[in-house]
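Topology and contacts: notes
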Amino acid sequence: MRGTKPTLVVDNDAVKTAPAPPAWLSAKAKAEWRRVMPILVDREILTAADLGSLENYCLAQARVRDAERMLAGTTDPDAWLKLLRAQDKAMATARQLAAELGLTPVSRSRPGIREEEEGDDDADNPLDIS
């Protein structure tokens, strides 16, 4: 993907309390859900429509970990290469979804996220003309 990513802003329809992870997620995916959900709820940027992306992110993270476990246990070069490719794809997917959800250092440094975390104080902003 190329171009500028949109800034994340507080949404009035944001999820206000952390929902439980879907029952069908694996244990590792549920653990990731529980780790990131409070962060996303606090930022007030996650809506019900975004929960599918969060599910996919958690699945991708779990696949990365599962592939690493399987890589450590295999000696077959062909299987090792297939697992490595699957892990690489899961890592790329997780990274892209993490960026969309505001879970990476770069996405958190966007103005929309920084302002919310800093209290959104425009009084000291010399560029604020409102």
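Residues numbered from 1 in each chain as written. Predicted model: local features only at pLDDT ≥ 70, side-chain atom pairs only at ≥ 80, totals over all residues. Heavy atoms only, no water.

Of the regular secondary structure elements, the protein chain holds 5 helices and 0 strands. Listed by position from the N terminus, the elements making up the protein chain come as α-α-α-α-α. Residue burial in the protein chain is summarised as follows: out of 130 residues, 32% are buried. In the protein chain, the share of contacts with a sequence separation of at least 24, taken over all contacts with a separation of at least 6, comes to 64%. Summing over all exposed atoms, the protein chain offers an accessible surface of approximately 8700 Å²; the carbon and sulfur share of this is 53%. (Helix = DSSP H or I, 4+ residues; strand = E, 2+ residues; numbered from the N terminus. Buried < 20%, exposed > 50% of the residue type's maximum accessible area, 1.4 Å probe, protein only. Contact = heavy atoms within 4.5 Å. Areas by Shrake-Rupley, 256 points an atom, 1.4 Å probe, with all protein chains shown as cover.)

Right, let's get into the pattern of salt bridges. On inspection of all chains with the given rule, the structure shows 3 salt bridges. With a shortest N-O distance of 3.5 Å, E32 and R65 are connected by a salt bridge. Remark: R65 occurs in helix α2 (residues 51-72) and E32 occurs in helix α1 (residues 27-43); sequence separation between them is 33 residues. Overlapping salt bridges bring together E32, R35 and R65 as one network. (Salt bridge = Lys/Arg side-chain N within 4 Å of Asp/Glu carboxyl O.)

Direction vectors running N to C along α1 and α2 enclose 135 degrees, while the axes themselves pass 8 Å from each other. Considering their axes alone, α1 and α2 lie oblique with respect to each other. For the crossing formed where α1 meets α2, the hand is right-handed. Of the residues in α2, those in contact with K28, A29, E32, W33, R35, V36, M37 and L40 of α1 are L51, L54, E55, Y57, C58, L59, Q61, A62, R65, D66 and R69. Considered class by class, the residues forming the contact of α1 with α2 number 11 nonpolar, 1 polar and 7 charged. (Axes fitted to C-alpha atoms, helices over the stretch in contact; angles between N-to-C directions. Parallel < 35°, antiparallel > 145°, perpendicular 65-115°, else oblique. Left-handed = near helix turned anticlockwise from the far one by under 90°. Nonpolar A, V, L, I, M, F, W, Y, C, P; charged D, E, K, R; others polar.)

Scored by pLDDT, the protein chain comes out at a mean of 84, with 73% of its residues at no less than 70. Confidence, expressed as mean pLDDT per element, reaches its minimum in the protein chain at helix α5 (residues 111-117) with 54 and its maximum at α2 with 96. (pLDDT = per-residue confidence, 0-100.)

Within the secondary structure, V15 sits in the segment before α1. Sequence spacing of V15 and R43 is 28 residues, and the spatial spacing of their C-alpha atoms is 9.7 Å. Beyond its immediate sequence surroundings of up to four residues, V15 is in contact with V41, L46, T47 and A48.

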